[in-house]
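# Structural characterization, general
Chain by chain, the residues:
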Amino acid sequence: KAGVTQTPRYLIKTRGQQVTLSCSPISGHRSVSWYQQTPGQGLQFLFEYFSETQRNKGNFPGRFSGRQFSNSRSEMNVSTLELGDSALYLCASSTPESSGANVLTFGAGSRLTVL
Amino acid sequence: DQQVKQNSPSLSVQEGRISILNCDYTNSMFDYFLWYKKYPAEGPTFLISISSIKDKNEDGRFTVFLNKSAKHLSLHIVPSQPGDSAVYFCAARRSNSGGSNYKLTFGKGTLLTVNP
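A brief report on the enclosed structure follows. (Residues numbered from 1 in each chain as written. Chains lettered and ligands numbered in written order. Predicted model: local features only at pLDDT ≥ 70, side-chain atom pairs only at ≥ 80, totals over all residues. Heavy atoms only, no water.)

### Re the overall build of chain B
Using the following cut-off: Think of it this way: any DSSP run of H or I at least four residues long counts as a helix, any run of E at least two long counts as a strand, and we number them from the N terminus. Throughout, the radius of gyration refers to the C-alpha atoms, and the reference size of a globule is 2.2 Å times the residue count to the power 0.38. By the convention used here, residues are in contact when the closest approach between their heavy atoms is within 4.5 Å. For the area figures, the Shrake-Rupley method with a 1.4 Å probe applies, and any residue is considered shielded solely by the protein chains shown. Positive charges are assigned to Lys and Arg, negative charges to Asp and Glu, while His and the chain termini are left out of the count. We put the charge of a Lys on NZ, of an Arg on CZ, of an Asp on CG and of a Glu on CD.
If you tally the helices and strands in chain B, you get zero helices and 11 strands. Helices and strands in chain B line up, N terminus first, as β-β-β-β-β-β-β-β-β-β-β. Against the globule reference of 13 Å for 116 residues, chain B gives a C-alpha radius of gyration of 14 Å, in line with a compact fold. Viewed in the frame of its principal axes, chain B has a C-alpha envelope of about 45 × 30 × 25 Å. Considering only contacts within chain B whose residues lie at least 6 apart along the sequence, 56% involve residues at least 24 apart. Approximately 5400 Å² of chain B is accessible, and the part contributed by carbon and sulfur atoms is 48%. A gap of 6 Å separates the mean positions of the 13 positive and 9 negative side-chain charges of chain B.

This is the structure in structure tokens:
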């Protein structure tokens, strides 16, 4: 069974630009979550999508947005990039809600560097 | 307000000895606690979890203990192996978090180094 696939793995942008990151969940997983990892803050929740609907959102500015497609693939977008947006962006997918412990399966992440 | 805290940024132990990683939380609404392990250039991988109705869960070399009254949990690794060297994240799930069961609150992580 293929894992969670994130593309691109690495990218460099300049301040003011925008970026789109992609995530393909494990087949059959309908929930996709996004997290930002920075050295000082650990993993911080961005948002979660289920059946193309955003179900939960973290405390990030409106420059951070996302969407989910009918095949459960998800994208997140960051507009007007700032230096502080440099981070590892992690996508995770989850089994249906009856699973109990909602174990997240993470992708390897997209490393964004803003210059 | 950091609801999940891992106060030790790093821990170093000798191979074969016990590793104890600690985690404290403040939100009484958390009903599930999880530990993830992360190697460089990889995403976090699930290690072990515990429900708030239990005080211990064991899986091979890994045991998680939960002390609800102290709002504290710990991960014990016995015996520690060099391959266990990684960053360990404690995470917690709040019951009925806005209709979703998939929002986790993570600590900042503890870097474990197991020396041969």
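### Details of the overall build of chain A
Note the cut-off: Each residue is assigned to one of three classes by its accessible area relative to the maximum for its type, calculated with a 1.4 Å probe on protein chains only: buried under 20%, partly exposed between the two thresholds, exposed over 50%.
Check the secondary structure of chain A and you find zero helices and 11 strands. Going from N to C terminus, chain A has its helices and strands arranged as β-β-β-β-β-β-β-β-β-β-β. Dimensions of chain A, computed from C-alpha atoms along their principal axes, come out at roughly 40 × 30 × 25 Å. Burial analysis of chain A (115 residues in total) assigns 50% to the buried set. Sequence-distant contacts, at least 24 apart, represent 54% of the contacts inside chain A between residues at least 6 apart. For chain A, the accessible area works out to roughly 5200 Å², and carbon and sulfur atoms hold 49% of it. One way to put it: in chain A the 11 positive side-chain charges average out to a point 6 Å from where the 6 negative ones average out.

### A few points about the environment of Gly109 of chain A
Residues and elements named next belong to chain A. Mapped onto the secondary structure, Gly109 falls in the loop between β10 (104-106) and β11 (110-114). It is 8.6 Å that separates the C-alpha atoms of Gly109 and Tyr10, two residues lying 99 residues apart in sequence. With residues up to four places along the chain from it excluded, the contact list for Gly109 reads Gln6, Pro8, Arg9, Leu88, Tyr89 and Leu90.

### A few points about the state of the cysteines
Let me state the cut-off plainly: Any two cysteine sulfur atoms within 2.5 Å of one another count as a disulfide.
Going through the model one piece at a time under the given rule, you end up with two disulfides over all chains. The partner cysteine of Cys23 of chain A in its disulfide is Cys91 of chain A, sulfur to sulfur 1.8 Å. Given an S-S torsion of about -60°, the disulfide between Cys23 of chain A and Cys91 of chain A has left-handed geometry. Of the two residues, Cys23 of chain A is situated in strand β3 (residues 19-24) and Cys91 of chain A in strand β9 (residues 87-94); the sequence distance between them amounts to 68 residues. Disulfide partner of Cys23 of chain B: Cys90 of chain B, at an S-S distance of 2.0 Å. Across the S-S bond of Cys23 of chain B and Cys90 of chain B the torsion is about -75°, and the bridge reads as left-handed. Here Cys90 of chain B lies in strand β9 (residues 86-94) and Cys23 of chain B lies in strand β3 (residues 19-25), a separation of 67 residues in the sequence. Each member of the pair, Cys23 of chain B together with Cys90 of chain B, is buried.

### Brief notes about a nonpolar patch on the surface
All names here are of chain B. Cut-off, in case you're wondering: Only residues whose relative accessible area exceeds 30% and that form no salt bridge enter a patch; like-charged residues are grouped when within 9 Å of one another, and nonpolar side chains (Val, Leu, Ile, Met, Phe, Trp, Tyr) when within 5 Å. By convention in these notes, a salt bridge is any Lys or Arg side-chain nitrogen within 4 Å of a carboxyl oxygen on Asp or Glu.
Taken together, the side chains of Ile18, Ile20 and Val78 make up a nonpolar region of the molecular surface, amounting to roughly 230 Å² of accessible area. With respect to the helices, strands and loops of the structure, Ile18 is situated in the loop between β2 (10-14) and β3. Classification of Ile18 by relative accessible area gives partly exposed; the value is 40%.

### Quick word on the environment of Ala70 of chain B
All names here are of chain B. Position of Ala70 relative to the elements: it lies in the loop between β7 (62-67) and β8 (72-77). Judged by relative accessible area, Ala70 falls into the partly exposed class, the value being 45%. Each C-alpha atom of the pair Ala70 and Asn115 lies 31 Å from the other, and the pair is 45 residues apart in sequence.

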